[in-house]
Amino acid sequence: MSKVEEFLTTAEEQEIVAAIVTAEKNTSGEIRVHIEATSKIDHYKRAQEVFHFLKMDNTKAENGVLLYIAVLDKKFVIYGDKGINNAVPKDFWNTTKDAIQAEFTKGNFKQGIINGVLKAGKELETHFPWIHTDTNELSNEISKG
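Numbers given for residues are sequential positions, taken from 1 along each chain in its written order. In keeping with the model being predicted, local features are shown solely for residues with a pLDDT of at least 70 and side-chain atom pairs are shown and tallied solely at 80 or more, while totals for entire chains, interfaces and linings include all residues. To obtain the side-chain values, all non-hydrogen atoms of the structure were used and water was disregarded.

Caption draft 1: Examining the packing of aromatic side chains more closely. Between rings of Phe, Tyr and Trp, where Trp is taken as its six-membered ring, a pair exists when centres lie within 6.5 Å; planes separated by under 30 degrees are stacked, by over 60 edge-to-face, and by other angles tilted. Considering all chains together, one arrives at 6 aromatic pairs under this definition. Measuring from centroid to centroid gives 4.9 Å for F51 and Y79, while their planes differ by 65°, and the two rings are edge-to-face. Here F51, found in helix α3 (residues 43–53), pairs with Y79, found in strand β3 (residues 75–80); they are 28 residues apart in sequence, far enough to count as distant. Note on F51: relative accessible area 3%, which makes it buried. A ring pair is formed by F104 and F109, whose centres lie 5.3 Å apart and whose planes are at 70°; its orientation type is edge-to-face. Three or more aromatic residues joined by ring pairs make a cluster, and in this case those are F7, F76, F104 and F109. Only DSSP runs of H or I reaching four residues or more are called helices, and only runs of E reaching two or more are called strands; each is numbered from the N terminus. Any residue under 20% of the maximum accessible area for its type is buried, any over 50% is exposed, and the rest in between are partly exposed; the area is computed with a 1.4 Å probe on protein chains only.

Now the structure itself:
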């Protein structure tokens, strides 16, 4: 079993997917989680690549948020599209990062991811509220590389 497969149990992954569903319930925003073992390039650049690969840059309102995690590197990046980046307060991604990091430091990876997903969802709801014509544009499943 790879380090990526060992990072979260199946049950933990399902709890994270449930948190994504909850976070997206009242917003047109899209949240994805991507986990891979390591990156040969800068983690922020890799998150940008994954964001594009997952077609997160194709959302109508440019309001996708990716939580990218490189397990062996012990690094993560929160990457938001233009629409959400232009809407959130300047320190928002840092406070979200801190909420995730607080749990990761204790080894609570599932809870750290859930905290980040729910925090992003609340902010997306503020700036991109759900309307009856909204559709879920992207999968809620965790992607792995």
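From this point on, the discussion continues.
Caption draft 2: Local environment of α3. Inspection of α3 places H43, A47, V50 and F51 among the buried residues, and these make up the whole buried set. Buried residues in α3, looked at end-on, bunch into an arc of 105°, giving them a common side. In α3, the exposed positions that point more than 90 degrees away from the buried face belong to K45, H52 and F53. Where α3 is buried, its residues contact β1 (30–36), β2 (64–70) and β3. Between the side-chain oxygen at the start of α3 and the backbone nitrogen of Y44 there is a gap of 3.1 Å, and the oxygen is on D42. Backbone geometry just downstream of α3 places K55 in the positive-phi region, at approximately 60°. Comment: arc refers to directions from the helix axis out to C-beta atoms. Only heavy atoms enter the contact rule, under which two residues are in contact if any of them lie within 4.5 Å. Two N or O atoms count as a polar contact when they lie within 3.5 Å, although within protein this holds only if one can serve as hydrogen donor and the other as acceptor, and sequence-adjacent residues are included solely when both atoms are side-chain atoms.

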